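Here are the chains, one letter per residue:
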Amino acid sequence: MKLNIEGLLVYFPYDYIYPEQYSYMLELKRTLDAKGHGVLEMPSGTGKTISLLSLIIAYQRAFPLEVTKLIYCSRTVPEIEKVIEELRKLMEFYSKETGESNNFLALALSSRKNLCIHPEILHANIVVYSYHYLLDPKIADLVSKELAKKSVVVFDEAHNIDNVCIDSMSVNITRRTLDRCQNNVDTLQNTIHKIKETDAAKLREEYRRLVEGLKEANVARETDIYLANPVLPDEILQEAVPGTIRTAEHFVGFLRRFLEYLKSRLRVQHVVQESAPQFLKDIFDKVCIDRKPLRFCAERLQSLLRTLEIADIADFSAVTLISNFATLVSTYSQGFTIIIEPFEDRTPTIANPVLHFSCMDPSIAIKPVFQRFQSVIITSGTLSPLDIYPRILDFRPVTMASFTMTLARTCLCPLIVGRGNDQVALSSKFETREDFAVIRNYGNLLLEMSAIVPDGIVAFFTSYVYMENIVASWYEQGILENIQRNKLIFIETQDAAETSMALEKYQEACENGRGAILLSVARGKVSEGIDFVHHFGRAVIMFGVPYVYTQSRILKARLEYLRDQFQIRENDFLTFDAMRHAAQCVGRAIRGKTDYGLMIFADKRYARADKRGKLPRWIQEHINDGSLNLTVDEAVQLAKHFLRQMAQPFRQEDQLGLSLLTLEQLQSEEMLQKITQIAHQT
Amino acid sequence: MDEEPERAKRWEGGYERTWEVLKEDESGSLKATVEEILFQSKRKRCVYVCVCVLIMRHLYVVIDCSRSMEDQDLKPNRLTSTLKLMEAFVDEYFDQNPISQVCLHRNPKKHIAALKKAVDTVCVGEPSLYNSLNQALQSLKHMPGHTSREILIILSSLTTCDPANIYELIKTLKSLKVRVSVIGLSAEVRVCTVLTRETGGLYHVILDESHFKELLMMHVKPPPASSSSECSLIRMGFPQHTVAALTDQDAKPSFSMSHLDSSSGPGLSLGGYFCPQCHAKYTELPVECKVCGLTLVSAPHLARSFHHLFPLQAFVESPLEELQGDRYCQACQGELKDKSIFTCTSCHSVFCVECDVFIHDTLHCCPCCIHSQVTPL
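Residues numbered from 1 in each chain as written. Chains lettered and ligands numbered in written order. Predicted model: local features only at pLDDT ≥ 70, side-chain atom pairs only at ≥ 80, totals over all residues. Heavy atoms only, no water.

### Details of the domain arrangement of chain A
Residue and element names in this part refer to chain A. Short version of the rule: As annotated, the domain borders come from an automatic or database domain assignment. Contacts between residues were defined by any pair of non-hydrogen atoms, one from each residue, lying within 4.5 Å. Once two parts are brought into contact, the accessible area they lose, counted with a 1.4 Å probe and summed over both, makes up the buried area.
With domains assigned, chain A is organised as domain 1 (2-158 + 374-405 + 661-681), domain 2 (168-360) and domain 3 (412-649). Using C-alpha coordinates to define each centre, domain 1 is positioned 32 Å away from domain 3. Across the boundary between the two partners, domain 1 contributes 25 residues, which contact 21 residues of domain 3. The three residues of domain 1 that bury the most area against domain 3 are Thr382, Ile392 and Met405, which together make up 26% of that side's buried surface.

Shown next, in the form of structure tokens:
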């Protein structure tokens, strides 16, 4: 159908449209008009992707000078493929409607097997790829630096974007890394020797270039050709490479010294935590390495690798990593911390020293993106509370909106189970974690649910350790045996192959009527990215609140940083983080309007306003006061009723006019009135 | 529409939130309720179309007797409640389809007796959809092609323990044109959805006991025939009922053939139906003659099955305001109060919605049309 969105003609490749899609496009258009950034939350399964694509492409066609390119970032390869599929549909619709062959070029960077290196791709109108191509400085430099300024960047499924940013800027160095780096340096040395004998002029030429400084890079940045690389801050470009590392041999010697220093640091017996300036002072005292040459390390290495004409850069990943670390540690005095741990917490007897150079400020990695591109859209099914993202990513959005799901029948049923039948409070909090009564009641909940929920149930625990304890205890109490009469039990483990096997068998059991339960872990592989549509997930049970492991030193440092820099209290951030993972977990069950599922929060803490208020609006609005602190029995009664209601025949006609609209229905005055209420501005 | 019968004593009811039902109106159209959707489908069933149906049916009813039948959400428990409704179903079924069979028997009394006995069954273990379907299939596949092959499963459990891949069996069922319908007592199970969709049956899940009854009665009506089903002529006997006068000294009491294998019931009787082919005596019709295999029916039986072939035309619905003259329903003589009225297409009599449903579901003929045919005499 053809839509008119505030004067913009939008081609929409389906005959029906959800009201929230229309509302979403409205907000999106306003964001593009204002040339600003936006944060938009809309439930999964309501057609976010196609709304985004239709509107932005229509915008691109209408104002070719305002918006030249769409950069669509998603998380995983299957998601990227889904985007491409929708895009293909849209393009077919365009060529059918307008009659002209389309002159749009779209490019997807998914995996190496689909890679094309034709120069034309630089002019593609739409680029679809993974986050890392834009955020990770190592890859962004190769792929994204030539993207035009007038692009619209979309981060889909962006609820974890801060963690992606942090990961992309953090460096972990182990003994193995250093050994490999040592090999790299040796290879470099040999190559330099060889070249010196055959082609000394080349090295001299490089030297001359370095004296002149990195002017080229500077010119490029000023003329606005490249996306800024956060590893290579502006100041470096103004200066020439310091004399100490200008010649190739000197640089290699410099790297050796740096390497030896790192090795000595890894020989610690106790945990060391220090800031970047402390680290720099220490390195100066011990091996007389100044801050300045360290800052040029990454650029100098790139130059050397180019000069030596080394084809396979992947072999030199270790030395690249170390030189990136050197540049980062000497550039940013804030936002990073260095933690050296001689062993892992779980295995205190095995020496396995790791140097964590950990980024605590996600805004460092994403800053160039916000600065460079005129519109950046952050969107996902679960982004609540919306206002925290602009704060931790340090940007100012022009639109922030949360959309609800219009439903012809209430197809989701969130229940908060706070008590067992014996009135024991259910909670996964630390003090009651070992409590026998809580574990038994949790078991009872799962047992009762396994008897009334058809096909598949997915249960999430807060951690692997907690899951192991509980399952062992259930086994001893004979609860597992009782559950197995109703359903088969599958368990997610840390082994990826084992888990995918379990998942496959789980789906088979759901398919042939035996019924199955999948026990998995929040933040695990299953909780992110695997959908349990229809019968694969009729109920999700969340045992406890999935707080992150708070004893980790990296986390503690980050919390401290957030408090000092962004005035976000530790507790607020931890709750926010726990609730977004809980929302992700329970959101696995509802993947569309014809789907239905129970969402059971089994912890009394969910009933509190500070937890509940952080759930996405489309879940929150279905939690009524009556379902806040239920016992297991009450939950079972409600669930039974819900499942019977949902099993009644449901056809497309029932949705029409309410949650599914034709063009005429959309244009009615009354409906437009209603649509304005869908978006909830913050 | 009509008042729901009091299902159980209030204190026997489960944990219910009666106050929440009241909220549905004010929350507006965003939260359209399931009840409304159900009402729509009820209205839809009032549309009567003339379809070709199979009037000779072979129906297997499978009742789940697994552990979950002990559940007390139907009173007193699922099993007892199911069996009680099944008795009504069997009665109704034979009333509407006299020449059909349930589990290869024609005699409703036998079924009811068996159902009564089953009340005391202790429900244990898990059910197997595969085994029950397979067993039913073994007998159904020998049925002639002009009859329908149907299986109705009352499934309470949400799990099934199968010895083999059920999807293979579904393929077999489909190829043998067996129509499988399922009534679920607890929730929607995926495999049943697939099973019924593939075999062309119906799948419903009950809301409560009255809904359960409604769903069961839906299976009384014969299913539409597929175009590929065979047609054939069947020999039938129409025996006359002969009554011997008690005063007649020559009359000798004799045994009915149908009582040969059952010990209960009256043994000797005077009159009865005699097979026109071999003169075997039966006290009840319809029956298949034990001696010569002839199907014995009476004309009214055939007529009752017949109405499925020629259903009464749907009445025309129109708003009450358009009606001229007296506002009385021609059937119940009550005042017409509802928004819409129903008019018979042939005699133009006006009926209320309750009478419309009653005429189509039970009478199968318009009382006014018949009345006008009778008057000239």
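### Overview of the UniProt feature "zinc finger region: C4-type" (unreviewed entry) in chain B
Quick note on the threshold: UniProt positions are given in the numbering used here, feature names are shortened, and annotations may be inferred rather than shown by experiment. Secondary structure elements follow DSSP: runs of H or I of four or more residues count as helices, runs of E of two or more count as strands, with numbering from the N terminus.
Taken from the UniProt record, the annotation "zinc finger region: C4-type" (unreviewed entry) applies to residues 275-292 of chain B. Annotated as residues 275-292 of chain B, this span is 0% helix and 22% strand, and its ends, taken at the C-alpha atoms, are 9 Å apart.

### Focus on the interface of chain B and chain A
The condition that has to hold: Throughout this description, the term salt bridge denotes a Lys or Arg side-chain nitrogen within 4 Å of a carboxyl oxygen of Asp or Glu. Throughout this description, a polar contact denotes any pair of N or O atoms lying within 3.5 Å of each other; where both atoms belong to protein, one of them has to be capable of donating a hydrogen while the other can accept it, and for residues adjacent in sequence the pair is counted only when both atoms sit in side chains. Polar here means any residue other than Ala, Val, Leu, Ile, Met, Phe, Trp, Tyr, Cys and Pro, which are nonpolar, and Asp, Glu, Lys and Arg, which are charged; Gly is therefore polar.
Counting from both sides, the interface comprises 36 residues of chain B and, opposite them, 40 residues of chain A. At the surface where chain B touches chain A, the tally comes to five salt bridges. With its nearest N and O atoms 3.2 Å apart, the salt bridge here joins lysine 640 of chain A to aspartate 71 of chain B. Here chain B is connected to chain A by 14 residue pairs in polar contact (both at pLDDT 80 or more). Among the secondary structure elements, those contributing two or more residues to the side of chain B that touches chain A are helix H2 (34-45), helix H6 (166-175), helix H7 (190-199) and strand E5 (203-205) of chain B. The leading source of residues in the side of chain B that touches chain A is H2 of chain B, at five residues. Residues belonging to the side of chain B that touches chain A are distributed by class as follows: 17 nonpolar, six polar and 13 charged.

### A short note on the packing of aromatic side chains
Residue and element names in this part refer to chain A. Under the convention used in this document: In this analysis, rings of Phe, Tyr and Trp, with Trp reduced to its six-membered ring, are considered paired at centre separations within 6.5 Å, and the interplanar angle assigns stacked below 30 degrees, edge-to-face beyond 60, and tilted for intermediate values. Any Lys NZ or Arg CZ found within 6 Å of a ring centre and within 35 degrees of that ring's normal is scored as a charge over the ring.
If you walk through the whole model with that rule in mind, you get 28 aromatic pairs over all chains. Through pairs of rings, three or more aromatic residues link up here, namely Phe258, Tyr261, Phe279, Phe325, Tyr332, Phe336 and Phe357. The positively charged end of arginine 433 is found above the aromatic ring belonging to tyrosine 466, 4.9 Å away from the centroid. Above the face of the tyrosine 18 ring, lysine 593 is positioned so that its terminal group lies 3.7 Å from the ring centre.

### Overview of unusual backbone geometry
For the bond running from serine 384 of chain A to proline 385 of chain A, omega is -10°, close enough to zero to count as cis. You can see proline 385 of chain A is positioned in the loop between strand E12 (375-380) and helix H16 (388-393). For histidine 279 of chain B, which is not glycine, the phi torsion reads 65° and is therefore positive. Structurally, histidine 279 of chain B can be placed in the loop between strand E10 (272-274) and strand E11 (281-282). The backbone phi angle of glutamine 333 of chain B is positive, close to 65°, even though this residue is not glycine. With respect to the element layout, glutamine 333 of chain B can be found in the loop between strand E14 (316-319) and strand E15 (340-343).

### Here we look at the side chain of threonine 331 of chain A
Note that threonine 331 of chain A resides in helix H14 (residues 317-331). In terms of polar contacts, threonine 331 of chain A uses its side chain to reach the backbone carbonyl oxygen of threonine 327 of chain A, at 2.4 Å.

### Brief notes about the sheet that holds E14 of chain B
Residues and elements named next belong to chain B. Cut-off, in case you're wondering: Paired strands, as defined in this entry, are two strands with at least two bridges between them according to DSSP.
Here we have three strands laid out as an open sheet, ordered E14-E15-E16, and antiparallel in their pairing. Edge strands, defined here as strands with exactly one partner in the open sheet, are E14 and strand E16 (350-351). Taken together, the two bridges between E15 and E16 define a ladder with antiparallel strand orientation. Note on E16: the bridge partner recorded for phenylalanine 342 is phenylalanine 351.

### Topic: the confidence of the model for chain A
Basically, it comes down to this: pLDDT is a per-residue confidence score from the predictor, ranging from 0 to 100.
When pLDDT is averaged along chain A, the result is 86, and 92% of the positions lie at 70 or above. Taken element by element, the predicted model of chain A shows its lowest mean pLDDT in helix H9 (residues 215-222) of chain A (55) and its highest in strand E18 (residues 539-543) of chain A (95).

### Some words on helix H8 (residues 209-218) of chain B
Quick reminder of the rule: Note on classification: 1.4 Å probe, protein chains only; a residue is buried when its accessible area is under 20% of the maximum for its type, exposed when over 50%, partly exposed between these limits. Our arc is simply the arc of the directions from the helix axis toward the C-beta atoms.
Looking at H8 of chain B, one finds that the buried residues are Glu209, His211, Phe212, Leu215 and Leu216 of chain B. Buried positions in H8 of chain B, seen along its axis, are confined to an arc of 155° and lie on one side of it.

### What to know about the pattern of salt bridges
Residues and elements named next belong to chain A. A full pass over the atoms with the stated rule returns 41 salt bridges over all chains. A salt bridge links arginine 256 to aspartate 186; its shortest N-O distance comes to 2.9 Å. Residue arginine 256 is located in helix H11 (residues 248-266), and its partner aspartate 186 is located in helix H7 (residues 175-198); the two are separated by 70 residues in the primary sequence. Arginine 256 gets classed as partly exposed once you look at its relative accessible area, which sits at 27%. On the accessibility criterion, aspartate 186 (30% relative accessible area) is partly exposed. Here the salt bridges do not stand alone but share partners, grouping Asp162, Arg523, Arg558, Asp577 and Arg580 into one network.

### As for the sheet that holds strand E4 (residues 69-74) of chain A
All names here are of chain A. Defined as follows: In this analysis an axis means a line fitted to C-alpha atoms, helices contributing only their contacting stretch, and an angle means the value between N-to-C directions, from 0 to 180 degrees.
The eight strands are arranged E5-E6-E4-E7-E12-E3-E13-E21 in an open sheet whose pairing can be described as mixed. Only two strands of the sheet have a single neighbouring strand rather than two, namely strand E5 (106-109) and strand E21 (679-681). Going across the sheet, the axis of each strand differs from the next one's by a mean of 20°, ignoring polarity. Of the strands in this sheet, strand E3 (37-41), strand E7 (151-155), E12, strand E13 (397-403) and E21 touch helix H1 (residues 19-33), which is tilted by about 175° from E13.

### Considerations on the environment of proline 239 of chain B
All names here are of chain B. Tracing the backbone shows proline 239 in the loop between strand E6 (236-237) and strand E7 (241-242). Proline 239 sits in the buried class, given a relative accessible area of 10%. In sequence terms proline 239 and leucine 158 are 81 residues apart; their C-alpha atoms lie 48 Å from each other. Apart from residues no more than four positions distant in its own chain, proline 239 is found in contact with Tyr273, Phe274, Pro276, Leu285, Leu296 and Val297.

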